[in-house]
Amino acid sequence: MRREVRGWSQAELAQRAGISRAAISAIEGERLSPSVATALALGAVFECSVEELFGRGSRAGSSQAEWAWVPRGEACRYWEASVGSQRRLYPVEAVSLNPTPHDGIWEGGVLRQGAAAKPEATLVMACCDPAAGLLAAEYGRASGYRLLVFPRGGRAALELLRRGLVHVAGLHYSTEEKPERNAEMAQAHFGGEARLLRVAKWEEGLALAADDRSRSAESVARRGLRWAARERGSAARECLDELMGSRRLSGREVNGHGAVAEAVRAGWAGAGVCVRFSAEEAGLNFLPVRTEALDLCFPAAIRHDPRIQALVRLLQGRACRRLISELPGYEARETGEIMALTSETTKEQKR
């Protein structure tokens, strides 16, 4: 039994899946056939399909939709999207980036669908770009499709892409000193043939209090400040770790460029690494450290998907390029350029 292999009690599994322990007991004892929502939640917890969990002949999970990841509570709003051949349900999050109304509600193990969902007209992106909400709005106006943005660091975004849970993953590891890093990371963590679509180059650096007039990043690193640090694996955390070197890092992790800036603005952190856009939005001082390239990675197999083609057209269009160039710290001269990644790409870069 999958639960016992993982060493979970029925109560622990029930908590993870957001259902009652009694329901778990009844399902395991074959006294209850789980609802579609319950089957999807259990499949998400065990990271497998409903068919793998209950068998293809089971009545459980008769719907084709599956949770992309486990809802955090016993009730949530959700969006629905089609990724590959699978319909996915996504718990609503980051509403400031996603002004899109939810497609339904999951509560008490029951899915209640609201307005007619359009999973085939939805593009799903994992990316930590703090201005991605602007891109989503422009995408909707220009294409008639909708773009859902889930804020994730580069490695986490690529892992979601590898698992087939999103269409597009954003990453910004490439610098002027190491311009090949995005391609290397995409190949290492995604693996298959892919494309990189350039969004912009941007400035990443230190967010400091508005009255902090430090002139160099090195001097800030020596001051023993409390830091708002991005999660490990993110490009911003790599930047911070390189800056700190062997010095002890004091502070705590936060998720996203905006969260770094907000921590500094609120006063519980003295500094943090984020992009200029987030620092200026929070009214903070900003010390540039490096210029990075922000790319969107997607599988080559879906390059002809109308949703992907609409994204490419948008980023290659003059209006969108102008909008991006007007954002603090963004530069759009390469916006819309595409790089094809194959196994040979990485070999050439390593020579």
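Keep in mind it's a predicted model, so treat the numbers as computed, not measured. The written sequence of each chain sets the order in which its residues are numbered from 1. This being a predicted model, a pLDDT of at least 70 is required before a residue's local features are given, and a value of 80 or more before pairs of side-chain atoms are given or counted; all residues contribute to the totals for chains, interfaces and linings. For side-chain calculations, the full set of non-hydrogen atoms in the structure is used, while hydrogens and water are omitted.

1. Focus: the overall build of the protein chain
The test is simple: By the criteria applied, helices consist of DSSP H or I runs no shorter than four residues and strands consist of E runs no shorter than two, each listed in order from the N terminus. Values of the radius of gyration come from C-alpha atoms, whereas the globule rule sets the reference at 2.2 Å times the count of residues to the power 0.38. Three exposure classes are used, based on accessible area relative to the maximum for each residue type with a 1.4 Å probe and protein chains only: buried under 20%, partly exposed in between, and exposed over 50%. Contact criterion: two residues are considered in contact whenever any of their non-hydrogen atoms come within 4.5 Å of each other. The Shrake-Rupley method, run with a 1.4 Å probe sphere, supplies the accessible areas, and residue values consider only the shown protein chains as cover.
When you go through the protein chain residue by residue, the secondary structure sums to 15 helices and 15 strands. In summary, the protein chain has a C-alpha radius of gyration of 22 Å against a globular reference of 20 Å for 351 residues, a match within 12%. When its C-alpha atoms are laid out on the principal axes, the protein chain stretches across 70 × 45 × 45 Å. For the protein chain, the proportion of its 351 residues judged to be buried stands at 53%. For the protein chain, restricting intrachain contacts to residue pairs at least 6 apart in sequence, the fraction spanning at least 24 positions comes to 68%. When the accessible surface of the protein chain is summed, it comes to about 16500 Å², and 46% of that surface belongs to carbon and sulfur atoms.

2. Considering the nonpolar core
For clarity, the cut-off: What we call a nonpolar core is a set of buried Ala, Val, Leu, Ile, Met, Phe, Trp, Tyr and Cys residues that are connected through their side-chain atoms within 4.5 Å.
Judged by nonpolar contacts, the single largest core of 32 residues is most densely connected at Met125, Leu296, Leu311 and Leu315. Elements with a contribution of two residues or more to this core: β6 (122-126), α6 (132-143), β7 (146-150), β9 (194-208), β13 (285-299), α13 (306-316) and α14 (318-325). The element best represented in this core is α13, accounting for 6 residues. Not counting chain neighbours up to four residues away, the residues in contact with leucine 296 comprise Met125, Cys127, Val168, Ala169, Gly170, Arg195, Leu196, Leu197, Val199, Leu311 and Leu315. Counting residues in each nonpolar core, the second largest holds 29 residues, with Trp69, Ala126, Val166 and Ala186 among its members.

3. A closer look at the state of the cysteines
Where we set the bar: In plain terms, two cysteine sulfur atoms within 2.5 Å form what is called a disulfide here.
In the structure shown here, the tally under the stated rule is 0 disulfides. Take cysteine 239: it sits in no disulfide, and the sulfur closest to it among the cysteines is that of cysteine 274, at 10 Å. Relative accessible area serves as the criterion here: at 3%, cysteine 239 is assigned to the buried category. We classify cysteine 274 as buried; its relative accessible area is 0%.

4. Focus on the pattern of salt bridges
Which entries qualify depends on this criterion: Whenever a carboxyl oxygen of Asp or Glu lies within 4 Å of a side-chain nitrogen of Lys or Arg, that contact is scored as a salt bridge.
All told, the structure shown has 27 salt bridges when counted by the stated rule. Across the salt bridge formed by lysine 201 and glutamate 334, the nearest N and O atoms sit 3.6 Å from each other. Of this pair, lysine 201 sits in strand β9 while glutamate 334 sits in the loop between β14 (330-331) and β15 (338-341), and the two are 133 residues apart along the sequence.

5. Description of the pairing of β6
Put simply, the rule is: When DSSP finds two or more bridges between a pair of strands, those strands are recorded as paired. Here, the term right-handed applies to a crossover whose path from the first strand over the helix to the second runs clockwise when the strands point away from the viewer.
Summarising burial for β6: 5 of the 5 residues are buried, a large majority. Side chains of β6 alternate between two faces, with Thr122, Val124 and Ala126 and Leu123 and Met125 buried alike. Pairing analysis gives 5 bridges linking β6 to β7, with the strands arranged parallel. In the sheet register, alanine 126 faces β7, and the bridge partner there is phenylalanine 150. Handedness of the β6-α6-β7 crossover: right-handed. Across 2 bridges, β6 lies against strand β8 (residues 168-175) in parallel orientation. Residue pairing for β8: alanine 126 is matched across the bridge by alanine 169.

6. Quick notes on the sheet that holds strand β5 (residues 110-113)
Taking strand neighbours across the sheet as the criterion, the 5 strands line up as β1-β3-β2-β4-β5 in an open arrangement whose pairing is mixed. Strands with a single pairing partner mark the edges of an open sheet, and in this sheet they are β1 (66-67) and β5. Pairing of strand β4 (residues 104-107) with β5 involves 4 bridges; the strand directions are antiparallel. The residue of β5 that forms the bridge with isoleucine 105 is arginine 112.

7. A closer look at helix α11 (residues 257-266)
Under the convention used in this document: Note that the arc is computed from the directions linking the helix axis to the C-beta atoms.
Residues His257, Val260, Ala261, Ala263 and Val264 constitute the buried set of α11. One side of α11 carries all its buried residues, which in axial view fall inside an arc of 155°. Looking one or two places after α11, you find glycine 267, whose phi comes out positive at around 100°.

8. Thoughts on the packing of aromatic side chains
We count it as follows: Aromatic rings from Phe, Tyr and Trp, taking only the six-membered ring of Trp, are treated as a pair when their centres fall within 6.5 Å; an angle between ring planes under 30 degrees marks them as stacked, one over 60 as edge-to-face, and anything in between as tilted. Look at NZ for Lys and CZ for Arg. If either is within 6 Å of the ring centre and within 35 degrees of the ring normal, a charge sits over the ring.
Counting across every chain of the model gives 10 aromatic pairs. Ring centres 5.9 Å apart and planes at 85° place the aromatic pair phenylalanine 277 and tyrosine 330 in the edge-to-face group. Separated by 53 residues along the polypeptide, phenylalanine 277 in helix α12 (residues 276-281) and tyrosine 330 in strand β14 bring together distant segments of the chain. No difference in accessibility class separates phenylalanine 277 from tyrosine 330, as the two residues are buried. It is arginine 152 that lies over the ring of tryptophan 69; its NZ or CZ is 5.1 Å from the centre. Here the guanidinium or amino end of arginine 252 rests over the ring plane of tryptophan 268, the centre of that ring lying 4.0 Å away.

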